[in-house]
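Structural characterization, general
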Amino acid sequence: MNGSEILLKSLEKEKVKYIFGYPGAANIPVYSALAKSRIKHILTRGEQAAAHAAAAYGCAASVPGVCLATSGPGATNLITGIATAYMDSAPLIAITGQVTRAQIGTDSFQEADITGATEPFTKHNYLVSDVSDIPKIIKEAFTLANTGRKGPVLIDIPFDILLAESEFTYPDKFEIRGYKPKYKGNQMQIKRIVSAIKKAKHPLIVCGGGVLSSKGEEILFDFSKNLNIPYVTTLMAASCIRKDSPLSLGMIGYYGHPSANEALSKADFVIVCGSRLTNRATCKCDMNSKTIVHIDIDPAEIGKNVDVTFPVVGDVSIVLEQIKNLIPSDYTMNYAPADFSQEDAEISGDYINPQYVFRILSKLSKENTYITTDVGNHQIWAAKNFNFKNSDRFFTSGGLGTMGYGIPAAIGVKTANPSANVIAICGDGSFQMSMAELSTIKENLLPIKIILFDNSALGMIKTLNPDNSLSFATDLTSNPDFSKIAKAYSIEFNQICDNNGLENALKKLVESDKPYILSLKIDPFNKNI
Amino acid sequence: MDNNTSKHILSVLVENHAGVLSKVAGLFSRRGFNIHSLTVGTTEDKNISRMTIIVDGDKHLIEQITKQLNKLVDVIKIKQLNAEDTVSRELILIKVSATSETRNEIIQIVDIFRAKIVDISEKTLTIEMTGKEDKISALTDMLKSFGILELARTGSVSLERGNQMLRL
């Protein structure tokens with residue numbers, strides 16, 4: 001069989017069910033093989049969307065998502081999506097066509113050094129040099145993408161290799177001597193941590209995206225409850241906020257809940273679980289004079305931004321259990337619960353209150369609600385105000401903050417979990433970055449709901465420009481009539497301009513079994529995040 | 001973070017794959033790590049290359065560099081070498097301006113340093129020397145006054161003394 005067929009057979013060996021892709025001259029042979037494969041292709045309307053969809057699919061399904069693009073501009077269009085996945089540790093495989101081996105380096109038509117270009121954004125990447133290497137590369141790529149700290153792996157395949165003939169044998173074992181992720185924490189260190197916990201006066205847990213990656217939400221909730229240690233979350237772990245639990249103190253960060261930022265400032269003993277503790281997360285807190293336990297699967301993140309007292313390299317779920325096992329079962333601590341009441345914004349004014357939107361939506365939403373967001377004020381409103389239940393999930397571009405993520409991510413997670421109730425949250429700016437993907441939604445009959453916060457502006461940037469001197473760039477003065485856009489894609493549309501019709505409108509959105517767009521007109525000068 | 005920056009020697013075993021050097025250089029450049037020198041060559045195992053990287057930095061930086069390097073899939077093992085317990089050598093080729101008047105003096109300096117003359121012409125002398133970094137710098141300083149026309153240094157290679165080693 002030829003290289004393309006070997007590629008598809010290898011992907012089938014990895015139990016791939018979907019490929020999000022876009023064809024071009026250099027990857028046509030892959031499509032020929034794909035046509036005969038049981039793997040289903042989802043055509044997006046741009047490669048960035050394919051990468052976002054595949055990455056979100058990977059996070060939802062806990063297996064690597066696969067995207068496919070052609071050489072040159074197809075490959076370079078993937079870069080934003082790959083970088084987004086890299087920053088948020090999403091398991092992603094990106095396969096790109098490439099010019100023939102003889103043409104590489106000659107500035108050939110649609111040639112781009114994609115392996116060079118994605119080096120900063122991939123966990124590892126490959127330029128296939130021989131057709132017989134394909135199975136081993138696929139096996140390595142899938143293992144690298146989905147183990148340790150998960151991340152994107154790119155495989156660039158020259159055109160002549162896609163057509164070259166070879167035998168198909170799939171390797172049983174994965175062997176890369178330079179790759180040995182550590183999952184279990186050092187037991188001596190765990191003992192030291194347990195001794196130190198007992199001396200803590202204001203302990204606090206920071207719950208980051210790594211907890212979700214490790215599927216450790218329940219373990220973290222139990223740990224927090226058993227020891228009576230409250231927790232705060234980062235943006236990536238916003239779905240772990242539980243407003244009805246006194247242990248949940250909210251979200252930290254630049255746009256975090258004041259209660260959470262205050263709790264982190266006051267804490268003298270912090271157990272950081274799967275968070276990189278970037279400046280974005282800690283900038284509103286005083287991180288000095290604290291005993292910090294940092295549990296992360298990536299040793300390079302420990303001690304990078306914040307000095308750490310007790311570094312522990314390992315999988316968060318496993319390490320938390322190790323710590324719990326050494327603590328006496330009757331051990332508890334005292335702390336002051338958070339007061340969220342002052343953060344419940346007042347419902348006032350002529351415009352729709354965005355925070356209120358999410359509180360109503362929380363009441364009306366069904367089990368297994370998957371919220372994806374784009375980037376901007378709406379993202380923060382969603383994270384801080386939607387009341388996530390145990391079956392709900394939150395998908396957002398936290399690390400890179402990529403506009404255009406929301407709709408393709410919704411496509412990806414819906415494909416991964418067809419029974420999930422998927423709601424994409426967008427602003428009018430970010431909506432327009434991925435508007436073309438409404439076609440993908442239509443084509444694949446995906447009953448995805450989109451809530452569009454329309455203030456005819458790039459709201460978050462506008463808020464950063466208090467004298468409004470940059471309105472030439474932050475005001476979106478020539479937005480299309482979104483109802484006509486929806487109609488053009490045969491998607492149901494509704495628009496609400498004040499709080500009165502809100503509950504009914506959201507009810508209709510939640511109950512629809514078809515794709516649905518609800519546009520909410522909000523105050524262009526809304527500064528309340 | 002302490003501000004005691006100094007030079008640190010990292011010995012790194014990497015897979016002998018195309019592009020590994022570029023990956024390491026890219027990593028350093030992207031994260032703002034300053035490379036003082038970098039050499040790479042195959043080892044006793046032709047599938048493995050050894051890189052000797054000399055970096056400027058404080059303890060915190062060296063720790064980050066080591067951890068980020070370890071994340072590269074092609075990096076197999078890293079060891080930070082202690083300068084006192086390490087043999088380090090660098091090779092230099094220097095072409096100096098040399099006339100019949102100055103030639104003898106230059107040759108005297110070359111002899112004192114136990115360096116070698118590898119090329120001679122009417123107006124030039126090319127000198128080769130192997131030694132520790134500070135000895136190389138000393139030779140270069142001594143020859144400056146004659147006029148250095150061209151200079152090529154390799155950067156240090158290092159191995160630990162005695163039974164300490166970095167191998168698979």
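Quick note: structure is the one above.
Residues numbered from 1 in each chain as written. Chains lettered and ligands numbered in written order. Predicted model: local features only at pLDDT ≥ 70, side-chain atom pairs only at ≥ 80, totals over all residues. Heavy atoms only, no water.

**Concerning the overall build of chain B**
Stated formally: Helix numbering and strand numbering both begin at the N terminus, where a helix is a DSSP run of H or I of at least 4 residues and a strand a DSSP run of E of at least 2. Remark: exposure states derive from per-residue accessible area (1.4 Å probe, protein chains only) relative to the maximum for the residue type, with buried under 20%, exposed over 50%, and partly exposed in between.
Scanning chain B for helices and strands turns up four helices and nine strands. Reading the helices (α) and strands (β) of chain B from amino to carboxyl end gives β-α-β-β-α-β-β-α-β-β-α-β-β. Dimensions of chain B, computed from the C-alpha atoms along their principal axes, are close to 55 × 40 × 35 Å. Burial statistics for chain B: of 168 residues in total, 42% are counted as buried.

**Comments concerning a nonpolar patch on the surface**
The test is simple: Exposure above 30% relative accessible area and no salt bridge define the residues that can form patches, which grow by joining like charges within 9 Å and nonpolar side chains of Val, Leu, Ile, Met, Phe, Trp and Tyr within 5 Å. Surface accessibility in these figures is a Shrake-Rupley result with a 1.4 Å probe; residues are shielded only by whichever protein chains are displayed. By salt bridge we mean one thing: a side-chain nitrogen of Lys or Arg within 4 Å of a carboxyl oxygen of Asp or Glu.
Taken together, A:Tyr254, A:Ile461 and A:Leu464 make up a surface patch of nonpolar side chains, about 270 Å² in accessible area. Among the structural elements, A:Tyr254 can be located in the loop between strand E9 (248–251) and helix H11 (258–266).

**With respect to the packing of aromatic side chains**
All names here are of chain A. Defined as follows: We call Phe, Tyr and Trp rings a pair once their centres come within 6.5 Å, taking the six-membered ring for Trp, and we label the pair stacked below 30 degrees between planes, edge-to-face above 60, and tilted otherwise.
What the rule picks out here adds up to 13 aromatic pairs over all chains. Seen in terms of ring centroids, phenylalanine 388 and phenylalanine 394 are 5.4 Å apart; in terms of plane orientation they differ by 70°. Their pairing is edge-to-face. Taking the centre distance of 5.3 Å and the plane angle of 90° together, the rings of phenylalanine 431 and phenylalanine 482 count as edge-to-face. Of this pair, phenylalanine 431 sits in helix H17 (residues 428–433) while phenylalanine 482 sits in helix H21 (residues 482–488), and the two are 51 residues apart along the sequence. Using a relative accessible area of 1% as the deciding quantity, one classes phenylalanine 431 as buried.

**Describing the side chain of B:Thr86**
This is how it is decided: We call two residues in contact whenever any of their non-hydrogen atoms come within 4.5 Å of each other.
Here B:Thr86 is to be found in strand E5 (residues 86–97). Discounting chain neighbours no more than four positions away, the residues touching B:Thr86 are B:Ile9, B:Leu81, B:Ser158, B:Leu159, B:Glu160 and B:Arg161.

**Quick word on unusual backbone geometry**
All names here are of chain A. In the Ramachandran plot, serine 289 falls in the positive-phi region, its phi being about 50° despite a non-glycine side chain. When you line up the elements, serine 289 lands in the loop between helix H12 (279–282) and strand E11 (291–296). One non-glycine residue, leucine 445, adopts positive backbone phi at about 50°. Structurally, leucine 445 is set in the loop between helix H18 (438–443) and strand E16 (449–454). Overall, leucine 445 belongs to the exposed group, its relative accessible area being 70%.

**Some points on the sheet that holds strand E6 (residues 152–158) of chain A**
All names here are of chain A. Selection rule: For two strands to be treated as a pair, DSSP must find at least two bridges joining them. Axes here mean lines fitted to C-alpha atoms, for a helix over just the part in contact, with angles spanning 0 to 180 degrees between N-to-C directions.
The strand order E2-E1-E3-E4-E6-E5 describes an open sheet built from six strands, whose pairing is parallel. Each having just a single partner strand, strand E2 (40–43) and strand E5 (124–127) make up the two edges of the open sheet. Strand-to-strand twist across the sheet, computed as the mean angle between neighbouring axes with direction ignored, equals 20°. In terms of strand pairing, strand E4 (residues 92–98) meets E6 through seven bridges, oriented parallel. Bridging across to E6, threonine 96 finds its partner in aspartate 156. The sheet contacts of helix H4 (residues 73–87) involve strand E3 (65–69), E4 and E6, and relative to E4 the element is tilted by about 165°.

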